[in-house]
Amino acid sequence: DVTAESVDGALWGALLAPRDLEPDAARREIAGKTLTLGIVPALGATEPALIPGGPPAADVAPLVYELPLLPPGGMLPPSEADRVAVYRPLDARATTDVLNAPGLVELTLPGEIERLRLWSNLEPLEGGVGDFPPSLDVPDFNRRLLTWLRIRPALADRPSRALNLRLLWVGINATMVSQRARVNDEPLPAGTGEPDQVVTLARGPVIPGSVQLTVLSGEQEERWAEVDDLAAAGPEVPTIDRRGPPGLAVTTPPRASTVFVLDPEAGTLRFGDGFRGKRPPRGAVLRASYDYGAGAAGNVGAGAITGGPGLPPGITASNPVRTWGGADAESTADGERQVSRFLQHRDRLVTAADFKTITWRTPGVAPGRVEVLPAFHPALSPNEPGDAPGAVTLLLIPRYDPLQPDAPMPDRLFLDAVCAYLDPRRLVTSEVFLRGPVYKGIWISVGIDLVAGAAAAEVRERVRDELLRTLAPLPATPGPDAEGGWPLRKPVAARELMAVATRVTGVLLVNDLLLAEGAGGSVATVAMRGLELPRVLGIAVSVGDPLSLDALRGGTLGADQIQRRQRVLPVPSIPEECR
């Protein structure tokens, strides 16, 4: 968190010369060149909203990239009051809003090597003071240091503007990578001259926009283009516009007819019928070059990429963060199930069922649970569904979360993908809020008696698994029609959990069950409001009496003890002399 965890609210990057190159020689090499900076923001859960009239403008503070601006001669004035660091901004071109999504920033470095230097008389104790760059503790780095790059929010000098500059990774020589493989000049079935001919590519899923199709008829070779809809394609031969007055032969505006439509998931190419799009001539030779991906298999972890066949000698590659965005195609069974639903909602968000089914079909994400709360506004409290007409809140829980598998939370990429998919499909007057769950931590301690002959370890594990399954936020098998997951706004009751434990095979009797919220004591129920769901922080199953809650928490203090503990403030005693 650059804003909260740094002293000066800035991020510093040291530009170092290679070990086998003198600093001035390295400055001449990079002078006037473009430095590509990769920035990955912290992709924690956000709270996107789709308001009536269209999405709101992004309210973010742009970043400023600066190099030191040296005084004439490169020396600071001798007066302490005049020793002030001045910086000059660089020309920056960003591919995206790097505060909200991973992207690249191209920085044009100065063409003069004098502008790539540092102050020659900077004192050792001045490093990190005021606006001066920090000091480097490694002697080799100090010898190779060319200059410093400072990155800061452009509005950092406005205290009224709340800034949240949280970064996951920053590095130079970065680029965006997409998982794909190339197929060149794949031979396709010959043209038949019939309307609506369909040919299938050998590999899939196909990357949209990557198909290059050539049609060779006789000695004439044509390049056919990909379009979204054949209804907009022109006819094979020019036609006369019959809407004009008699005696005036007006031809229709020319429209491309050598086109095709791609189904990326199926890997098929569909051609026209002659009236809307040209038919491949009979016996024509068709060849296609295209890219295809691997779906969800292309989402690899950090460090999985170690090179590339097209890299020149001496150049290595690695991915410092995981890749994202790959999704498998919808199965045939799911697609057939969605046919009737599509006929009902026509890809428009009107009813609660429309919101749920369309959200489940968002490409590039793997939802585990989608809850639709009609007429519910998450910012209003107290608030129940039906209290906020015109507002719809979607509770979204991903199917997988490597950071907390027991309590998945959607990150920014997940919510942004759903938000972009739903925005063109919603009614213009509706207000849609996308939220993740609010987990409320609970502690459970159970004491049981066993059926004669039952293995204690196995029964205890079954009781524990059954309680966790009952309180889990996701159903056992996620899907648009799956049932399961703890219901919203349903309180967690100790008696209900006792009934769940009683039904486990091998349990003769549940002696007692202790339920607590956070650091509090045992309670009969834990209320769940709004978007709250339970999260089991700790669970203990014992034969006999239940384990105490303090022992389960590992010595966690109660609320009254915490309050008393906070009144004590230790003050260190510093000796006046150092011996």
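Analysis parameters
All chains use their own residue numbering, which begins from 1 and follows the written sequence. Confidence filtering applies because this is a predicted model: local features only for residues at pLDDT of at least 70, side-chain atom pairs given and counted only at 80 or more, and all residues used for totals across whole chains, interfaces and linings. Water and hydrogen atoms play no part in the side-chain values, which are based on all heavy atoms of the structure. Note: two strands are recorded as paired if DSSP finds a minimum of 2 bridges between them. A run of H or I in DSSP becomes a helix once it reaches four residues, and a run of E becomes a strand once it reaches two; helices and strands are each numbered from the N terminus. Axis angles are defined between N-to-C directions and span 0 to 180 degrees, where every axis is a line fitted to C-alpha atoms and, for a helix, only to the segment in contact. Pairing of aromatic side chains requires ring centres within 6.5 Å, counting the rings of Phe and Tyr and the six-membered ring of Trp. Pairs whose planes differ by under 30 degrees are stacked, by over 60 edge-to-face, and all others tilted. Partly exposed describes any residue whose relative accessible area lies between the buried limit of under 20% and the exposed limit of over 50%, with all areas from a 1.4 Å probe on protein chains only and scaled to the type maximum. Lysine NZ or arginine CZ positioned within 6 Å of the ring centre and within 35 degrees of the ring normal marks a charge as sitting over the ring. We call two residues in contact whenever any of their non-hydrogen atoms come within 4.5 Å of each other. What is meant by a nonpolar core is a set of buried Ala, Val, Leu, Ile, Met, Phe, Trp, Tyr and Cys residues, joined one to another through side-chain atoms within 4.5 Å. A side-chain nitrogen of Lys or Arg and a carboxyl oxygen of Asp or Glu constitute a salt bridge if their distance falls within 4 Å.

Engineer: I would appreciate a short explanation of the sheet that holds strand 9 (residues 167-172) in the present structure.
Structural biologist: Strand-to-strand pairing in sheets goes through backbone hydrogen bonds, with the strands running parallel or antiparallel. Spatially, 6-7-2-9 is the arrangement adopted by the four strands of the open sheet, whose pairing is antiparallel. Both edges of this open sheet fall to strand 6 (91-94) and strand 9, since each of them pairs with a single strand only. Direction aside, neighbouring strands of the sheet carry axes that sit 20° apart on average. With four bridges connecting them, strand 6 and strand 7 (residues 103-108) associate as antiparallel partners. Opposite Asp 91, over in strand 7, you have Thr 108 as the bridge partner.

Engineer: Whenever I open this one, the packing of aromatic side chains confuses me. Can you help?
Structural biologist: We describe a pair of aromatic rings using the distance from one ring centre to the other and the angle between the two ring planes. Overall, the coordinates contain six aromatic pairs when judged by the stated rule. An angle of 85° between the planes, with centres 6.3 Å apart, marks the rings of Tyr 87 and Trp 119 as edge-to-face. Of this pair, Tyr 87 sits in strand 5 (residues 87-89) while Trp 119 sits in the loop between strand 7 and helix 3 (139-144), and the two are 32 residues apart along the sequence. An identical accessibility class is assigned to Tyr 87 and Trp 119; each is buried. Pairwise contacts between aromatic rings join Trp 12, Tyr 87, Trp 119, Phe 132 and Trp 148 into one cluster. The ring of Tyr 87 is capped by Arg 150, whose NZ or CZ atom sits 4.1 Å from the centre of that ring.

Engineer: What's the story with unusual backbone geometry in this structure? I'm lost.
Structural biologist: Trans is the common state for peptide bonds, and a negative phi is the common state for residues other than glycine. The step from Gly 204 to Pro 205 runs through a cis peptide bond, and the omega angle for that step is -5°. Topologically, Pro 205 is positioned in the loop between strand 11 (198-200) and strand 12 (212-217). If you check the backbone angles, Ala 375 has positive phi at about 55° while not being a glycine. The class of Ala 375 is buried, set by a relative accessible area of 17%. In the Ramachandran plot, Arg 489 falls in the positive-phi region, its phi being about 60° despite a non-glycine side chain. Mapped onto the fold, Arg 489 is located in the loop between helix 7 (456-471) and strand 21 (492-493).

Engineer: What exactly am I supposed to notice about the environment of Ala 417 here?
Structural biologist: Inspection of the secondary structure puts Ala 417 in helix 6 (residues 412-422). For the pair Ala 417 and Val 365, spaced 52 residues apart in sequence, the C-alpha separation works out to 7.3 Å. Residues in contact with Ala 417, not counting those within four places in the same chain, are Thr 362 and Val 365.

Engineer: How should I be thinking about the nonpolar core in this particular structure?
Structural biologist: Where a protein is soluble and globular, its nonpolar side chains tend to be buried together. Formed by 35 residues in total, the largest nonpolar core has its most connected members in Ile 444, Ile 448, Val 463, Val 492 and Leu 515. Put simply, the parts of the chain that give this core at least two residues each are strand 18 (391-398), strand 20 (438-450), helix 7, helix 8 (494-502), strand 22 (507-517) and strand 24 (532-543). For this core, the element with the most residues is strand 20, which contributes six residues. Once residues within four sequence positions are removed from consideration, Val 492 is found in contact with Ile 442, Leu 471, Trp 486, Leu 497, Leu 515, Ala 524, Thr 525, Val 526, Met 528 and Pro 534.

Engineer: I keep staring at the environment of Pro 153 and nothing clicks. Help me out?
Structural biologist: Counting through the fold element by element, Pro 153 comes out in strand 8 (residues 145-153). The exposure class assigned to Pro 153 is buried, which follows from its relative accessible area of 4%. For the pair formed by Pro 153 and Ala 10, sequence separation is 143 residues and the distance between their alpha carbons is 7.6 Å.

Engineer: Help me out: how do you make sense of the environment of Thr 505 in this one?
Structural biologist: Looking at where Thr 505 falls in the secondary structure, it is placed in the loop between helix 8 and strand 22. Judged by relative accessible area, Thr 505 falls into the exposed class, the value being 61%. Between the C-alpha atoms of Thr 505 and Arg 462, which are 43 residues apart in sequence, the distance is 8.0 Å. Excluding residues within four positions of it along the chain, Thr 505 makes contact with Val 459 and Arg 462.

Engineer: Would you take a moment to explain the pattern of salt bridges for this structure?
Structural biologist: Side chains that differ in charge, positive against negative, can pair when their charged atoms come close. Scanning the model with the defined rule gives 30 salt bridges in all. Among the ionic pairs, Arg 369 bridges to Glu 371, the shortest N-O distance being 3.2 Å. Judged by its relative accessible area of 26%, Glu 371 is partly exposed. A salt bridge links Lys 490 to Glu 496, with the nearest nitrogen and oxygen atoms 2.8 Å apart. A relative accessible area of 29% places Lys 490 in the partly exposed class.

Engineer: Sorry if this is basic, but what is going on with the pairing of strand 14 (residues 259-263) here?
Structural biologist: It is a general feature of regular strands that their side chains alternate between the two faces of the sheet. Of all five residues that make up strand 14, four are buried, and the element is covered over most of its length. Pairing of strand 13 (residues 220-227) with strand 14 involves three bridges; the strand directions are parallel. By the bridge assignment for strand 14, Glu 226 is matched with Phe 260. Pairing of strand 14 with strand 15 (residues 268-270), which is carried by three bridges, proceeds in the antiparallel orientation. Within strand 15, the position partnered with Val 261 by the bridge is Arg 270. Linking strand 14 back to strand 15 in an antiparallel pair, the connection comprises four residues, with Gly 267 at a positive phi of about 70°.

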